[in-house]
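Overview (structure and organization)
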Amino acid sequence: MTHKARGGRLVGTEALARVEGEGAMYVEIDGDEVRDVRLDIYEPPRFYEGFLRGRAWSEPPDITARICGICPVAYQMSACAAIEDAFGVDAGDPIRRLRRLLYAGEWIESHTLHIHFLHAPDFFGVDSGIELAAIDRPAVERALELKKLGNRIVERIGGRAIHPVNIRVGGFHRLPTRREIAETREDMARATDLAEAVVDWVSRFDFPDFETTHELVAVQDPAGYPVLGDRIVSDRGLDIAVGDFDDHVVETHVPHSTALHAHLVERGEYLVGPLARYSLASAALAPRAAAAARAAGLGTRCRNPFRSIVVRAVETLHACEIALDVVEDYIEPPAAHAVVEPRAGVGHGVTEAPRGLLYHRYAFDAEGTITDVSIVPPTSQNQAAIEHDLWHFVEDNLDLGDDELRRSAEVTIRNHDPCISCATHFLDLTVVRS
Amino acid sequence: MTRPRVAVWKFASCDGCQLTLLDREDDLLAVADAVDLVYFLEASSAPDDGGDFDLSLVEGSVTTPADVARIAEIRRRSRSLITIGACATAGGIQALRNFGDVRELMSIVYATPAFLDVLATATPISDHVAVDFELRGCPIDGTQLVEVISASLAGRRPVIASHSVCVECKLAGNPCVLVASATPCLGPVTHAGCGALCPGYNRGCYGCFGPSDSATTGPLTEVLRATGLDDAAIARLFATFNAWAPGFREVAVAAPGGEQR
Ligand code: SF4
Ligand code: SF4
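Structural notes, computed from the coordinates. The structure displayed is predicted, hence computed values, not measured ones.

It is worth spelling out the overall build of chain B at this point. Helix and strand content of chain B: eleven helices and five strands. Over its C-alpha atoms chain B spans a radius of gyration of 19 Å, differing by no more than 12% from the 18 Å that the globule rule assigns to 261 residues. The principal-axis extent of the C-alpha atoms belonging to chain B is close to 60 × 50 × 25 Å. Among the 261 residues that make up chain B, the fraction classed as buried is 59%. By sequence separation, contacts in chain B at least 24 residues apart represent 71% of the contacts at least 6 residues apart.

Structure below.
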């Protein structure tokens, strides 16, 4: 919509599409000066941190999964990491390998959905992945097959693709059967070929020149490319233990958002997600993903949010290779889960959701009843940086007409794959010009 | 022939139930050929064209004053309206606020609750408008979703079993986890639809499909007590994604985490 407001121009969208959850965007321009840029998040809050108080230590993996239907595994993995930290439980390497396999399934499924159904339509000037199928049906069919192969991992290891039932603190309710491992091996042999073709496909899109200036933050994973770990690092020297997250990140509540904004103390806005992971750890990519990234023209770092679609494709291929590695050298854990003995204390956990670093903290009493909870999803951490990027993008493109400006600004937001359902535990573009 | 106009709507939810449609990889392009997906914000930036709908699929529960007006308008414009999932059908996990004081929850999560415009309750769609069919599950099952869409467009009643997870378990040939290992399980009172998933993974059902049509929780709570659960733990078991559904609500009300209840 375009409104004339206060004698000026106001361009906006009532509801941002192809993002998870509900939000809008608002841009106010006075002559050639940008007055205000806001990402309005009006997704109604659901108060998870409130009603988790008083519940048992065993409940967060099932309950917090429901914060987001797109990345439930991420919630389950960060919850398990935090609770195990509180109780001094070491799940052991074989369980961690199975967690990487499950997580690889979610990365493949979530990234493939975002690349083809949420993001690629912008590069073709169409409204949806379904319309994209009319232009390039083989690409959409390939995407559907790849997404299905990712979902099948989550179904086999987790029980079902959305809100898996097989995850518990300490590990799993039951271990995968030999047959489930063998079937996954066949699936991933096929998936790596499909994912390689996707990298090539997205690398041919047209990308505007734009660089984000924010500090890039990700989990440091002792096993390589960031997924699981207990330290948090940045490209500007941040290097902290997960337990110190609260001392370094502040969340503030702003009027236009039901998602809390996060900042780094004395450092300001920052960005988590594919660009951060890639720029910090591209050297740790699996061999075919590393080769595909080179062929796609990505350097060792990537600060262009429009190219995040290429990074997601590279990460999808990497996830296929990791999954293949786990099933080819499958080490059966000694038990489905480690023994868990609750005790009073506080635990912190971080893992890399498809959209970036996801932090959980739980405090328990001696019986293992939850007394306090804090959950900081990737989109809350990115919201301030996205607004900042949007501001600069609008400033650099004031000569565009309202419709074109609105369309490009929406793309600027979708580059970051914001997950609004997560962030409100976000979006409508409005541009006002005067 | 003009294709039926179908819309997908979101209220307070996790997006998981609408994602179930995008997860039907083998059917998605065929569904998109058979129907005109005129409004589906998660998947398309095509704006609401202001027209009527042959079928509206509604995810999520009503939690804000604006939601109340929006669902009434959607109903007015929809020939058939089907709710998808526990949020839309029973209020979802956010309906836990219905047992307590929403202001207290707001102050736990937000520094400035005054910025928020929310209702004290999270309620199912059927509390506000007439609903033609309610599909259960957190999340819904994809095969059942395709069945309700097909049935609605053909003008027939969907074929969806109304018995319990317990019956599905027997059909699947699972050993009973309650009997075999005294694992607490809500299968006897939970609506079928998942194919008895949890017992197949060595755990008890936690009721994500909500109460079955004939659910009587009294005898089951006795059995659960015998597995060693205390009353608070039993109440907690019912106080999740379908806590506000009649049948589960009466037991869930005693759950802790709401000493203010
Ligand atoms: S019913 Fe469950 S899966 Fe469906 S939208 Fe609600 S929380 Fe998500
Ligand atoms: S067994 Fe129960 S909790 Fe598990 S998926 Fe089925 S209905 Fe949901």
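We are not done yet, so read on.
Every residue near ligand 2 is listed here: Arg 160 of chain A together with Val 165, Thr 190, Cys 194, Leu 197, Cys 198, Pro 199, Cys 205, Tyr 206, Gly 207, Cys 208 and Phe 209 of chain B. Ligand 2 sits at the junction of chains A and B, each of which supplies nearby residues. For the shell around ligand 2, the residue count by class is nine nonpolar, two polar and one charged.

The subject of this paragraph is the packing of helix α3 (residues 72–87) of chain A against helix α4 (residues 93–124) of chain A. Residues and elements named next belong to chain A. Packing of α3 against α4 leaves a shortest axis separation of 9 Å and a crossing angle of 150 degrees. Taken together, the axes of α3 and α4 lie roughly antiparallel to each other. Judged by residue contacts, Pro 72, Val 73, Ala 74, Met 77, Cys 80 and Glu 84 of α3 engage Arg 99, Leu 102, Tyr 103 and Glu 106 from α4. Of the residues in the contact of α3 with α4, the class split is seven nonpolar, no polar and three charged.

Before going further, it helps to spend a moment on the pairing of strand β4 (residues 78–84) of chain B. All names here are of chain B. Across the seven residues that make up β4, a large majority, six, are buried. Sheet topology note: the strand β3 (residues 53–59)/β4 ladder contains five bridges and is parallel. Counted as the bridge partner of Leu 57 is Ile 82 from β4. Where the polypeptide runs from β3 across helix α3 (residues 65–77) and back to β4, its parallel neighbour, the crossover connection is right-handed.

What counts, and where the lines are drawn
Residues numbered from 1 in each chain as written. Chains lettered and ligands numbered in written order. Predicted model: local features only at pLDDT ≥ 70, side-chain atom pairs only at ≥ 80, totals over all residues. Heavy atoms only, no water. Helix = DSSP H or I, 4+ residues; strand = E, 2+ residues; numbered from the N terminus. Rg over C-alpha atoms; globule rule 2.2 N^0.38 Å. Buried < 20%, exposed > 50% of the residue type's maximum accessible area, 1.4 Å probe, protein only. Contact = heavy atoms within 4.5 Å. Near = heavy atom within 4 Å. Nonpolar A, V, L, I, M, F, W, Y, C, P; charged D, E, K, R; others polar. Axes fitted to C-alpha atoms, helices over the stretch in contact; angles between N-to-C directions. Parallel < 35°, antiparallel > 145°, perpendicular 65-115°, else oblique. Pairing = 2+ DSSP bridges. Right-handed = clockwise from strand over helix to strand, strands pointing away.

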